[in-house]
Amino acid sequence: MAITASIGFPRMGPRRELKRMVEQFWQGKIGEDELTARAAELRKLRWQVQRDRGVEWIVANDFSFYDHVLDAACLFQVVPERFRGLPSGSFEQYFAMARGSADATALEMTKWFDTNYHYLVPELEPQQVFALGVNKPLNEYLEAKALGVDVVPQLIGPVTFLKLSKVVGRDADPLSLLPNLIPAYEAWLASLHEAGARWVQLDEPALVLDLTDAERQAFVDAYAALTKGPRPNILVATYFGSLGDNLATALELPVEGLHLDLVRSPDALQQVHALGWPKGRRLSLGVIDGRNVWRADLDLAFAHLEQGVHLAGPEHVMVAPSCSLLHVPWDVELETDMDPEIKSWLAFALQKLDEIALLKRALDEGRAAVEAEWEANRALLASRRASARLNREDVRARLDEAKGWKLERQSPHAVRKEKQAARFALPLLPTTTIGSFPQTQAVRDARAKWRKGEWTTDEYEAYLRGEIRRWIDIQEDIGLDVLVHGEFERTDMVEYFGEMLDGFVFTKHGWVQSYGSRCVKPPIIYGDVARPAPMTVRWSTYAQSLTEKPVKGMLTGPVTILQWSFVRDDIPRAETCRQIALAIRDEVLDLEAAGIGMIQIDEPALREGLPLRRADWEAYLGWAVECFRIASSGVRDETQIHTHMCYAEFNDIMPAIQAMDADVISIETSRSHMELLRAFEHFRYENDIGPGVYDIHSPRVPSVDEMVELLRKAANVIRPEQLWVNPDCGLKTRGEPETVAALRNMVAAARRMRASLSQPVG
């Protein structure tokens, strides 16, 4: 009999219950006891929902108050010195590491592989000591056991944990600390064995990356050590790609199970067959897409399962999603207002569990037992393929036309820079922000009143104009050099544009965690994309009419719209991206024609979309850069194109960033203390750069001295005439008083730095 599995489940709850309880705790509205009790109720709901849908392999410890990598760091007491004065293992220490405190900056944040989920980067000391601390996985296992739910404790594996960490203060390989870490994992496994756990799931997605021989050996050494002592059975879970040349290493590990992502690696079982599957080992087959929202092709999934049964035997096969369902919404049935036809094509987390249960039944009882459900699935897939709503001849014709365009600016950057300097007359180290200002409760209440019909559109737009006017005044009072309109009309930087583009559909409850308590509702791209009308021009031109200073037009770039949406799977992603790029190009040209002289096309997801294997990078970067240039290259020299990227490494894609040819790029650097700028220095990047000088994910207000110190670091590696001064990212999630205070300090820091640069040396 096959086993149904869910190797991870959404944390937030059907209506973002986790978000609300955590934010209420931060605001002091509830205490630790209530937060703990409400979290326990949510965990109970998550386990019950999965059990009720027929899932047999339910994991514990996939729940997190902020981030699972941070949880692992705390489990093994990887706490930087600046947080050790706080009570060990406390919420106070945990959330200070995540968000910072008045006295300490938060851990660095970056993207979890090629997803839009952000994890916190553990900081290791050169001689790091690891020790088992508050045993959250054990506690949750015992909690579920008391409820009568048989769960599998889950944790990030030791090699992936170290590969995602950094050693502070020394250029050292974190994997050199593996001998120090393994005893802590052994103690953890022994604690679960003693408590009666039969299995654990260790997630090692690093196995899908390009690995050196030494890194492969690290996996062999780690699991040879972990499997010696008393322990539960171990299933190693891999996902997000193909194991490829790491498959032999994975099969060599002395563990009792292995999970494969067959959505991202559909030929994996042929590779396994060639090498031979170890007899008696459990084979978990990720046949249901954990990263997208379309109904599964059950015929294709079942064919994979039959291959797996042939390799391992039916009693050793697990039917599973490709990866944790963390990356999809909770339940499509909550979408009561969605177009019924499109809704019928979709499967969120609960529906994916139903597909897994149906596939198990087909394996165990034969296809005849599920023929009605099978035929319904085939009919749905056929209706989607045949729908006239998917394909537009005018969009396809324009794509063909664009193939002949010269996707270059009129002049090189040096020439453009002189013309833009004459137009804008900005000082050295010009100050600006990334785009959004705080979406306060008042802003959210106004939007809710409008959507409920309590306000007319005229009333709502009058309110938005008032907020734009107020923040233009605030920015001028602060002394910023380049202003923004604040984006008060936007719920989300992708959702807002998708709502005005053809080919998108939206959810009301399709929330997905991005980081911490921050959730997004990714749009769903179901058909060809086109822009029926201008999207931002009136808000930008209104803001520009209120000031003599330049106001940036704010757009989301085509790659980010693609990456942060659920994308149709019936045409190549590159083709959809080019369609979006054409729509953004139209908006750019309309902004320019309306007199907007600076236009920011944000691409924070460009690095995130990079394939996990280097062999695939060139093709992706080729079309990603092409799409940015489709969007940006049609403007005059005097129009300044900005872009923004955040929470990513850039050293290995600098040629692509240069090829984008943005006049100004703003990047996140404060959490990494300007380390990311080294890539721009070594590459000798010639365009302008705005390195973030304060962390917007933390509520703390950095001092002028802190920001001056960061600017000095920046000026040591980048010529001052290239530098802009800005926060790390948009300020949407911050409070108004802290935002104003931080920006005042930022402007003061820029002015102090200008003065120091103007003083003669010696």
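Our subject is the structure that appears above.
The rules behind each value
- Residues numbered from 1 in each chain as written.
- Predicted model: local features only at pLDDT ≥ 70, side-chain atom pairs only at ≥ 80, totals over all residues.
- Heavy atoms only, no water.
- Salt bridge = Lys/Arg side-chain N within 4 Å of Asp/Glu carboxyl O.
- Helix = DSSP H or I, 4+ residues; strand = E, 2+ residues; numbered from the N terminus.
- Buried < 20%, exposed > 50% of the residue type's maximum accessible area, 1.4 Å probe, protein only.
- Pairing = 2+ DSSP bridges.
- Right-handed = clockwise from strand over helix to strand, strands pointing away.
- Contact = heavy atoms within 4.5 Å.
- Phe/Tyr/Trp six-rings, centres within 6.5 Å; stacked < 30°, edge-to-face > 60°.
- Lys NZ or Arg CZ within 6 Å of the ring centre and 35° of its normal.

Enquirer: Requested: an account of the pattern of salt bridges, with residues and values cited.
Expert: The tally for this structure, following the rule as stated, stands at 67 salt bridges. For Asp-637, the salt bridge goes to Lys-419, with nearest N and O atoms at 2.9 Å. Separated by 218 residues along the polypeptide, Asp-637 in the loop between helix 23 (617-632) and strand 19 (640-645) and Lys-419 in helix 16 (residues 413-424) bring together distant segments of the chain. When its relative accessible area of 1% is taken as the criterion, Asp-637 is described as buried. A relative accessible area of 33% places Lys-419 in the partly exposed class. We note a salt bridge from Glu-736 to Arg-470, for which the minimum N-O separation is 2.8 Å. One end of the pair, Glu-736, is in helix 27 (residues 736-758); the other, Arg-470, is in helix 18 (residues 457-478), and 266 residues separate them in sequence. Taken together, the shared-partner salt bridges connect Asp-210, Asp-213, Arg-216, Asp-245 and Arg-613 into one network.

Enquirer: Describe the pairing of strand 12 (residues 317-321), and please don't skip the residues or the numbers.
Expert: Consecutive residues of a regular strand have side chains that alternate between opposite faces of the sheet. Most of strand 12 sits out of view: 5 of its 5 residues are buried. Looking at chain direction, strand 1 (residues 3-6) and strand 12 are connected through 2 bridges and run parallel. Across the sheet, the residue bridging to Thr-4 is Val-319, located in strand 12. Pairing of strand 11 (residues 282-288) with strand 12 involves 5 bridges; the strand directions are parallel. By the bridge assignment, Leu-283 is partnered in strand 12 with Val-317. With helix 11 (residues 298-312) bridging strand 11 and its parallel neighbour strand 12, the resulting β-α-β unit is right-handed.

Enquirer: An account of the environment of Leu-285 is needed here, citing residue identities and associated values.
Expert: Positionally, Leu-285 belongs in strand 11. Among the residues examined, Leu-285 registers a relative accessible area of 0% and is labelled buried. Sequence-distant contacts of Leu-285, defined by excluding residues within four places in its chain, comprise His-259, Leu-260, Leu-262, Leu-269, His-304, Leu-305, Gly-308, Val-317, Met-318, Val-319 and Ala-320.

Enquirer: Hey, could you go over the environment of Pro-558 for me, with residue numbers and the actual values?
Expert: Turning to its location among the elements, Pro-558 is positioned in helix 21 (residues 558-563). Take Pro-558: its relative accessible area is 0%, and that puts it in the buried class. Separated by 12 residues in sequence, Pro-558 and Asp-570 have C-alpha atoms that sit 19 Å apart. When near neighbours in sequence (up to four residues on either side) are disregarded, Pro-558 contacts Cys-577, Ile-580, Ala-581, Ile-601, Glu-603, Cys-627, Phe-628 and Ala-631.

Enquirer: Lay out the packing of aromatic side chains with the relevant residues and their values.
Expert: For the coordinates displayed, the defined rule picks out 23 aromatic pairs. Here Phe-91 and Phe-95 contribute two aromatic rings whose centre-to-centre distance is 5.9 Å and whose plane-to-plane angle is 15°, an arrangement assigned as stacked. Separated by 4 residues within a single helix, Phe-91 and Phe-95 lie in helix 4 (residues 91-99), roughly one turn from each other. For the pair Phe-91 and Phe-95, a shared accessibility class is recorded, and that class is buried. The rings of Phe-25, Trp-26, Phe-63, Phe-65, Tyr-66, Phe-91, Tyr-94 and Phe-95 are connected pair by pair, giving a single aromatic cluster. The ring of Phe-63 is capped by Arg-43, whose NZ or CZ atom sits 5.0 Å from the centre of that ring. The side chain of Lys-521 reaches across the aromatic face of Trp-511, ending 5.2 Å from its centre.

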